[in-house]
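An overview of the molecular structure
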Amino acid sequence: MYGNTPFGGDTETVTLTSEQRHQLRRDLANVAARTRELLPGEFVVGSEISNGQAGPRARIAVQPPVGSVVSADYTPDNAEEIAISDTERDELARGIAASAALQVKQVMNGDDTPTAQ
């Protein structure tokens, strides 16, 4: 809660080796692929790894055909626990896909007109 203040506690910066970064990128690509399987082709799914203040940050994002981008971040707590487990990958994919589908539903809000009668 107080991460940006001097009394917020010490946070150790996580530094990844090239193999750990490759593993994280592979896990993130698996999440993106699983998310694409769950959504129609009109949804654009992307992923990236960036460096934050506390170390690497993995992000998966979905751009629905209408509405705002939906994204989720994963930040490793320490260098020993870099990999995203199979269960976490599946939960992350299902969660982000459901959020993107809900985003479309909320934007449409019953305003869609039938294309044929």
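Here, every reference points to the structure presented above.
So, a few notes on the structure that sits alongside this text. Position labels on residues start from 1 in each chain and follow its written sequence. It should be noted that, the model being predicted, local features are given only for residues of pLDDT at least 70 and side-chain atom pairs only at 80 or more, the latter also being counted only at that level, while totals for whole chains, interfaces and linings use all residues. By convention in this description, side-chain values take in all heavy atoms of the structure and omit both hydrogens and water.

With respect to the nonpolar core
How we decide: Residues enter a nonpolar core if they are buried and are Ala, Val, Leu, Ile, Met, Phe, Trp, Tyr or Cys, with the set joined through side-chain atoms within 4.5 Å. Burial classes: relative accessible area under 20% of the type maximum marks a residue as buried, over 50% as exposed, and values in between as partly exposed (1.4 Å probe, protein chains only). For helices the rule is a DSSP run of H or I covering at least 4 residues; for strands it is a run of E covering at least 2, with both sets numbered from the N terminus onward. Any pair of residues with heavy atoms lying within 4.5 Å of one another is described as a contacting pair.
If you look at the biggest cluster of nonpolar residues, it comprises 23 residues, and the most contacted ones within it are Leu 24, Leu 39, Ile 60 and Val 62. Of all the elements in the fold, those that place two or more residues in this core are α1 (18-38), β1 (44-52), β2 (55-63), β3 (70-74) and α2 (86-108). If we skip the residues at most four places from it in the chain, Leu 24 touches Leu 16, Ile 49, Ala 58, Tyr 74, Pro 76, Ile 82 and Ile 84.

Section: the side chain of Thr 35
Along the chain, Thr 35 falls in helix α1. Judged by its relative accessible area of 0%, Thr 35 is buried. Non-local contacts of Thr 35, meaning those with residues more than four positions away in its chain, are made with Val 45, Val 62, Ala 93, Ile 96 and Ala 97.

Digging into α1
Rules: Here a helix's expected span is defined as the number of its residues, less one, multiplied by 1.5 Å. Of all possible arcs, the one meant is that of the directions from the helix axis to the C-beta atoms.
The end-to-end C-alpha distance of α1, which contains 21 residues, comes to 30 Å, matching closely the 30 Å that a straight helix rising 1.5 Å per residue would cover. Residues Leu 24, Asp 27, Leu 28, Val 31, Ala 32 and Thr 35 constitute the buried set of α1. Around the axis of α1, the buried residues are gathered within 140° of arc, so they sit on the same side. Residues Ser 18 and Glu 37 are exposed on α1 and point more than 90 degrees away from its buried face. Where α1 is buried, its residues touch β1, β2, β3 and α2.

Overview of the side chain of Arg 89
Note the threshold: Residues adjacent in sequence count toward polar contacts only when both atoms are side-chain atoms; beyond that, a polar contact is any pair of N or O atoms within 3.5 Å, and within protein one must be able to donate a hydrogen and the other to accept it.
You can see Arg 89 is positioned in helix α2. On the basis of relative accessible area, Arg 89 is assigned to the buried category, the value being 15%. One polar contact links Arg 89 to Asp 27, side chain to side chain, over a distance of 2.8 Å. If we ignore the near neighbours within four places in the chain, the residues touching Arg 89 are Asp 27, Asn 30, Val 31 and Ile 84.

Notes on a nonpolar patch on the surface
The cut-off we apply is this: Candidates for patches are residues over 30% relative accessible area with no salt bridge; among them, like charges are joined within 9 Å and nonpolar side chains (Val, Leu, Ile, Met, Phe, Trp, Tyr) within 5 Å. Here, Shrake-Rupley sampling with a 1.4 Å probe gives the accessible areas, and only protein chains in the shown set may cover a residue. Note on definitions: salt bridges are taken to be side-chain nitrogens of Lys or Arg within 4 Å of carboxyl oxygens of Asp or Glu.
Residues Val 66, Val 107 and Met 108 make up a contiguous nonpolar surface patch of about 190 Å² in total accessible area. Positionally, Val 66 belongs in the loop between β2 and β3. When its relative accessible area of 31% is taken as the criterion, Val 66 is described as partly exposed.

With respect to the pairing of β1
Cut-off, in case you're wondering: Paired strands are those between which DSSP finds at least two bridges.
Alignment of β1 against β2, held across nine bridges, turns out to be antiparallel. Looking at β2, one finds that Gly 46 is bridged to Ala 61. Count of turn residues in the β1/β2 antiparallel hairpin: two residues.

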